[in-house]
Amino acid sequence: MLEFLDSYAWIVWLGLILLFIVIEMFTLEFTFLMIAIGSLGGLIAGVLGAPWWAQIVVAAAVSLLLLLTLRPPLLKRLKRGGDPAKSNVEALLGLEGHVLDRLTPTAGHVKLSNGDTWTARVSPLVEQRELERGERVLVTAIDGATAIVVPASAAAPLTPPDGLAPGNRKEPTS
């Protein structure tokens, strides 16, 4: 059996390298890529005449070295270019809207500035009152499929997109 391993270890190494590369294509986290490169080190050690046990030691050492030194910076570099845009619930928080029908602490509808219509209710953190149709609101939370809103007047004033406060705008003169 040991004679067989000494003679055909290169075939085992090639099979392992291919297996690890296929697994890496499914996981995409560089772990199996580092193990495949370590297996390549074992293959090279075998081609240079090392016994089978030394090939395993070389493969393990190279894999471990790569996992501890090369993989972390590669993962960091890969995740560096993530999309900074908010999505899902995070994108709704802070959106402005207006009341479509009477809004109470238990029911109502609002149309948000992104064009979505949501069922909504007044936040329990503000004074309990009903909001009338057309009043401006801000989304403070999402509870399931319901937007929790506060009157826009109760929230901090929003800065207009051009950065000028309403009193600082220069109107064109005719």
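Treat the numbers as computed from the prediction; the structure is a model and nothing was measured.

Engineer: I would appreciate a short explanation of the overall build of the chain in the present structure.
Structural biologist: For the chain, the helix and strand inventory stands at five helices and five strands. Ordering the α and β elements of the chain from the N terminus gives α-α-α-α-α-β-β-β-β-β. By residue count, 28% of the 174 residues in the chain fall in the buried class. At a minimum sequence separation of 6, the contacts of the chain that also span at least 24 residues come to 50%. With an accessible surface of roughly 11,900 Å², the chain has 65% of that area assigned to carbon and sulfur atoms.

Engineer: Looking at this model, I keep getting lost on the pattern of salt bridges. Mind explaining?
Structural biologist: Opposite charge on two side chains allows them to pair when their charged atoms are near. Scanning the entire structure with this criterion turns up four salt bridges. Between Arg 102 and Glu 130 there is a salt bridge, and its shortest N-O distance comes to 3.0 Å. With a gap of 28 residues between them, Arg 102 in the loop between strand 1 (96–101) and strand 2 (109–112) and Glu 130 in the loop between strand 3 (117–122) and strand 4 (136–143) connect regions that are remote in the sequence. Judged by relative accessible area, which is 37%, Glu 130 ranks as partly exposed. Judged by its relative accessible area of 44%, Arg 102 falls in the partly exposed class. Taken together, the shared-partner salt bridges in this structure form one network comprising Arg 102, Glu 130 and Glu 132.

Engineer: Looking at this structure, how should I read a nonpolar patch on the surface?
Structural biologist: A cluster of nonpolar side chains, contributed by Met 1, Phe 4, Tyr 8, Trp 10, Ile 11 and Leu 14, occupies part of the molecular surface with about 680 Å² of accessible area. Take Ile 11: its relative accessible area is 43%, and that puts it in the partly exposed class.

Engineer: Any chance you could explain the sheet that holds strand 1 here in plain terms?
Structural biologist: Within a beta sheet, neighbouring strands are joined by backbone hydrogen bonds and run either parallel or antiparallel to one another. Read around the closed barrel, five strands run 1-2-3-5-4, paired in mixed fashion. Averaged over neighbouring strand pairs, the angle between their axes works out to 55° when direction is ignored. Pairing of strand 3 with strand 5 (residues 146–151) involves four bridges; the strand directions are parallel. Each bridged residue has a counterpart across the sheet, and for Ala 120 the counterpart in strand 5 is Ala 147.

Engineer: Any chance you could explain the nonpolar core here in plain terms?
Structural biologist: In a soluble, globular protein the nonpolar side chains are often hidden away together inside. Leu 103 and Val 110 are the most contacted members of the largest nonpolar core, which has 19 residues in total. Secondary-structure elements contributing two or more residues to this core are strand 2, strand 3, strand 4 and strand 5. When residues of this core are assigned to their parent elements, the largest contribution, four residues, is made by strand 4. When sequence neighbours within four positions are dropped, the list of residues in contact with Leu 103 reads Gly 108, His 109, Val 110, Ala 120, Arg 121, Val 122, Arg 129, Glu 130, Leu 131, Val 137 and Val 149. Ranked by size, the runner-up nonpolar core spans five residues in total, among them Ala 9, Trp 13, Leu 43 and Ala 59.

Engineer: Looking at this structure, I do not really get the pairing of strand 5. What am I missing?
Structural biologist: Each regular strand shows side chains that alternate between the opposite faces of the sheet. Here strand 5 lies mainly inside the structure; six of its six residues are buried. The alternating pattern of strand 5 places Thr 146, Ile 148 and Val 150 on one face and Ala 147, Val 149 and Pro 151 on the opposite face, and all of these are buried. Bridge count for strand 4 against strand 5 is six bridges, and the pairing is antiparallel. Considered in strand 5, the bridge of Ile 142 is made with Ala 147. From the end of strand 4 to the start of strand 5, which pair antiparallel, there are two residues, and Gly 144 there has a positive phi angle of about 65°.

Engineer: In this structure, what is going on with the confidence of the model for the chain? I would like to understand it.
Structural biologist: Low-confidence regions, as indicated by low pLDDT, have predicted coordinates that should not be scrutinised in detail. Confidence in the prediction of the chain, expressed as mean pLDDT, is 83, and 84% of residues score 70 or more. Below pLDDT 50 for its whole length, residues 157–174 participates in six contacts with residues either more than four positions away or in separate chains.

Definitions and cut-offs
- Residues numbered from 1 in each chain as written.
- Predicted model: local features only at pLDDT ≥ 70, side-chain atom pairs only at ≥ 80, totals over all residues.
- Heavy atoms only, no water.
- Helix = DSSP H or I, 4+ residues; strand = E, 2+ residues; numbered from the N terminus.
- Buried < 20%, exposed > 50% of the residue type's maximum accessible area, 1.4 Å probe, protein only.
- Contact = heavy atoms within 4.5 Å.
- Areas by Shrake-Rupley, 256 points an atom, 1.4 Å probe, with all protein chains shown as cover.
- Salt bridge = Lys/Arg side-chain N within 4 Å of Asp/Glu carboxyl O.
- Patch = residues over 30% accessible without salt bridge, like charges linked within 9 Å, V, L, I, M, F, W, Y side chains within 5 Å.
- Pairing = 2+ DSSP bridges.
- Axes fitted to C-alpha atoms, helices over the stretch in contact; angles between N-to-C directions.
- Core = buried A, V, L, I, M, F, W, Y, C linked by side-chain atoms within 4.5 Å.
- pLDDT = per-residue confidence, 0-100.

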